[in-house]
Amino acid sequence: MITEQFPLLIEAARGDGDVVSLTFDDGPNPADTHRLLDVLRGHDVRAVFCLQGDQVERHPETVRRIVADGHTLCNHSMHHDDMSTWTPERIAADLRETDAAIRRALPHARIPYFRAPYGAWGQSPAVAAALGMRPLGWRLAVADWETPGADELVRRLAAGVTPGAVVLLHDGGGDRSQTVDAVDRVIPILKARGWRFTLPETGR
């Protein structure tokens, strides 16, 4: 969707052909994020972590490990509020507060993306772009928040992925052990089918 007020959402992975990007929302959540990082390291996959500011303040050490492991950061707001009716000024204040929380955990952190909680964008894409972040959408959401079991999540991921898809998953916001298990199992399946894991496009 493109209008003068609504910059292009990034929804595509970098590269051509069978490429896919994994993104994880609502962390950091040490109980699951650290195990997820172990899984990603074991499979040599880099991902995007969309960080919630209040969680960053609780777990700064996990943010530092995310970046040390080579992953990319995304601003996911301070408290996971619905911003769809907010003024640009209020949105900007929240995004700046979240960036500041991340940089207290990791000075000079690079934060190239912003993702609106619930995908309720409102005026946030233009605000994020003005602050130097590209709004990061997705093409595949497997509803891991429903906790349907790792088997079902593997099925949804393997069946639903399409070339260039950005995939929405969660490492926070609750018990995400099923998600971590599913990611550990589906990466080898997709690699065996010729899929490559890349980061999302950065846009214009």
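Here goes a summary of the coordinates provided.

Definitions and cut-offs
Residues numbered from 1 in each chain as written. Predicted model: local features only at pLDDT ≥ 70, side-chain atom pairs only at ≥ 80, totals over all residues. Heavy atoms only, no water. Helix = DSSP H or I, 4+ residues; strand = E, 2+ residues; numbered from the N terminus. Buried < 20%, exposed > 50% of the residue type's maximum accessible area, 1.4 Å probe, protein only. Axes fitted to C-alpha atoms, helices over the stretch in contact; angles between N-to-C directions. Parallel < 35°, antiparallel > 145°, perpendicular 65-115°, else oblique. Contact = heavy atoms within 4.5 Å. Nonpolar A, V, L, I, M, F, W, Y, C, P; charged D, E, K, R; others polar. Core = buried A, V, L, I, M, F, W, Y, C linked by side-chain atoms within 4.5 Å.

### A few points about unusual backbone geometry
The omega torsion across Gly27 and Pro28 is 5 degrees, close enough to zero to call that bond cis. Here Pro28 is to be found in the loop between strand 1 (19-27) and helix 1 (30-43). For Ser77, which is not glycine, the phi dihedral falls at a positive 80 degrees. For Ser77, the position within the fold is in the loop between strand 3 (72-75) and helix 4 (88-105). Using a relative accessible area of 0% as the deciding quantity, one classes Ser77 as buried. Even without glycine at this site, His80 takes up a positive phi of about 60 degrees. With respect to the secondary-structure elements, His80 resides in the loop between strand 3 and helix 4.

### A short note on the packing of helix 1 against helix 3 (residues 60-68)
Direction vectors running N to C along helix 1 and helix 3 enclose 10 degrees, while the axes themselves pass 11 Å from each other. Considering their axes alone, helix 1 and helix 3 lie roughly parallel with respect to each other. Taking contact as the criterion, the partners of Pro30, Thr33, His34, Leu37, Asp38 and Arg41 in helix 1 are, on helix 3, Glu61, Thr62, Arg65 and Ile66. Of the residues contributing to the contact of helix 1 with helix 3, the split by class is three nonpolar, three polar and four charged.

### Points about the nonpolar core
Within the largest apolar cluster, 51 residues are counted, with the highest numbers of intra-cluster contacts made by Leu22, Phe24, Leu40, Phe49 and Val183. When residues no more than four places from it in sequence are discounted, the contact partners of Phe24 are Leu36, Leu40, Ala47, Val48, Phe49, Cys50, Leu169, His170, Asp171, Thr179 and Val183. In this structure, Val48, Cys50, Leu136 and Leu199 belong to the second largest nonpolar core, which totals eight residues.

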